[in-house]
Amino acid sequence: MLFISSWFPNKLEPTNGNFVQRHAEAVSLLHDVEILHAIGDSSQNEKFIFDDKVINGIRTLIVYYKNSKNPLLNFYRRMKAYQLGFKRVEKPDLVHGNVLHNNMLFAVYLKKKYKIPFVITEHWSAFLSVNQNKLSKAKKFIAQKIAEKAELIIPVSENLGNGLKNLEIKKPIEVIGNVIDTDLFSMNNGQKNEFIFLHISNLIPLKNPEKIIKVASKLYETHPYFQLQIGGDGNVEELKNWVKKYNAEAFTEVFGMIAHHEVAQKMKDASCFLLFSDMETQGIVLLEAFSSGIPVIATRVGGIPEIVEENRGILVEKADEKALFEVMKNVLEDKIAFENSEVIRSYVVDNFSKQKIAEQFSEIYNKVLTK
């Protein structure tokens, strides 16, 4: 099994596409897996650099090519990098591609040249129906042409699957969600002395970190007995400026990019997770929160309503700061009855654990290979 992806963690973008890496790790429980990725680096002098490592038990080959200002030359070098990398890995029975972007034309090439079938897992929120008006005709065309050659398309949410159908992708679609490390994201069975609202993201505008701080600050005026922890791999200085702007220093802890195990610890210590996004394909952090046994407050967008039900979370409408305030207040006042931590956690263990996701992918692989 060979995993390739339009996005994958690398030295230039350490967290980009880490959900693809986790899918590969899950699949490796039941199959032999190798990962091949190519990415441009404008700082290198060599045309190609091969970074060949075993990461979390999986051989991972990243080929860095010399980036230029010419997009066509970059695309040529990217495909060449994939070709050179492919010569160094085992010839697979099946290719598992990720994201219908022009990188996946290499999967089309492998199918044509070596008769290796491929499936595509789709993660990209640009393919959600509400976002497709922003997609260029070229990107739509490339996605459609790659999908035509795939055996199956596997979006991570029903909502994203509907978007792909709206894009007139006619290949069979089966939903398999993101994978959660339920060993890492586990419950804190100790006593929690302080109520902690937690938000972790890449802090881009559509995640609305400023609005979270603004609402929390207003709430603290009448309910001064909680802490807000907010951060991630984004603009932390801007975050600190917002904390000052809304006089939130007394109750807010800001942090930058942290390791996955540190994210898990913050989830364990938190009381409730906040996600006030304008758009989400599925919301991996929500599943990580559930796996840690904590409820969530999130926006009713994208694939979020598919995983957030009343017994483990509350949904508010996008950009509705008043609703966010009211729900946070009700949670603080213990007016909302969530399921206990064990029941919240069991939802993820039963549906998104490594073993469950591996079994779902394995069933698809077997169908493809026995056609």
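For the structure itself, consult the block above.
Here is a short report on the structure shown in this document. Small disclaimer: the values here were computed from a predicted structure and weren't measured.

Cut-offs and rules
- Residues numbered from 1 in each chain as written.
- Predicted model: local features only at pLDDT ≥ 70, side-chain atom pairs only at ≥ 80, totals over all residues.
- Heavy atoms only, no water.
- Axes fitted to C-alpha atoms, helices over the stretch in contact; angles between N-to-C directions.
- Helix = DSSP H or I, 4+ residues; strand = E, 2+ residues; numbered from the N terminus.
- Parallel < 35°, antiparallel > 145°, perpendicular 65-115°, else oblique.
- Left-handed = near helix turned anticlockwise from the far one by under 90°.
- Contact = heavy atoms within 4.5 Å.
- Polar contact = N/O pair within 3.5 Å; in protein donor to acceptor, adjacent residues only side chain to side chain.
- Core = buried A, V, L, I, M, F, W, Y, C linked by side-chain atoms within 4.5 Å.
- Buried < 20%, exposed > 50% of the residue type's maximum accessible area, 1.4 Å probe, protein only.
- Expected span 1.5 Å × (residues − 1).
- Pairing = 2+ DSSP bridges.

1. A few points about the packing of helix H8 (residues 260-269) against helix H9 (residues 284-291)
Next up, step 1: For the pair H8 and H9, interaxial distance at closest approach is 9 Å and the crossing angle is 60 degrees. Relative to H9, the element H8 lies oblique. In this structure, the crossing between H8 and H9 has a hand that is right-handed. Contact residues: His-260, Val-263 and Met-267 in H8; Val-285, Glu-288 and Ala-289 in H9.

2. What to know about the side chain of Ser-201
Next up, step 1: Structurally, Ser-201 is set in strand E8 (residues 195-201).
Next up, step 2: Among the polar contacts listed, one links the side chain of Ser-201 to the backbone nitrogen of Leu-203, at a separation of 2.9 Å.
Next up, step 3: In this structure Ser-201 touches Lys-207, Gly-231, Gly-232 and Asp-233, once residues within four positions along its chain are discounted.

3. Observations regarding the nonpolar core
Next up, step 1: Phe-3, Met-267, Phe-273 and Leu-286 are the most contacted members of the largest nonpolar core, which totals 55 residues.
Next up, step 2: Setting aside anything within four residues of it in sequence, one finds Phe-273 in contact with Leu-198, His-199, Ile-200, Met-267, Val-285, Leu-286, Ala-289, Ile-294, Pro-295, Val-296 and Ile-297.
Next up, step 3: In terms of nonpolar packing, the next biggest core, distinct from the first, is built from 39 residues, Leu-36, Leu-164, Ile-169 and Met-279 among them.

4. Some thoughts on helix H6 (residues 209-222)
Next up, step 1: The end-to-end C-alpha separation of H6 is 21 Å, in line with the 20 Å expected for 14 residues at 1.5 Å each.
Next up, step 2: Residues of H6 that are buried: Pro-209, Ile-212, Ile-213, Val-215, Ala-216, Ser-217 and Leu-219.

5. Some words on the sheet that holds strand E7 (residues 152-155)
Next up, step 1: Read from one edge of the open sheet, seven strands run E3-E4-E2-E1-E5-E6-E7, paired in mixed fashion. Both edges of this open sheet fall to strand E3 (48-55) and E7, since each of them pairs with a single strand only. Between one strand and the next, the sheet's axes are offset by a mean angle of 20 degrees, whatever the strand orientation.
Next up, step 2: Contacts from helix H2 (residues 71-86) reach strand E1 (2-4), strand E2 (34-41), E3 and strand E4 (58-66) within the one sheet, and its direction differs from that of E4 by about 145 degrees.

6. A few points about the sheet that holds E8
One key point about sheets: their strands pair by backbone hydrogen bonds, in either a parallel or an antiparallel sense.
Next up, step 1: The parallel open sheet is built from six strands, whose spatial order is E10-E9-E8-E11-E12-E13. The open sheet has two edge strands with one neighbour each: strand E10 (252-255) and strand E13 (313-316). For this sheet, the mean inter-axis angle between neighbouring strands, taken without regard to orientation, is 20 degrees.
Next up, step 2: Relative to strand E12 (residues 296-299), strand E11 (residues 272-275) runs parallel, the two being bridged by three bridges. Bridge pairing in E12 links Leu-275 to Ala-298.
Next up, step 3: Where H6 meets the sheet, it contacts E8, strand E9 (226-232) and E11, and its direction lies at approximately 170 degrees from that of E9.
Next up, step 4: The sheet contacts of H9 involve E8, E11 and E12, and relative to E11 the element is tilted by about 175 degrees.

Any functional reading would require information that these geometric values do not contain.
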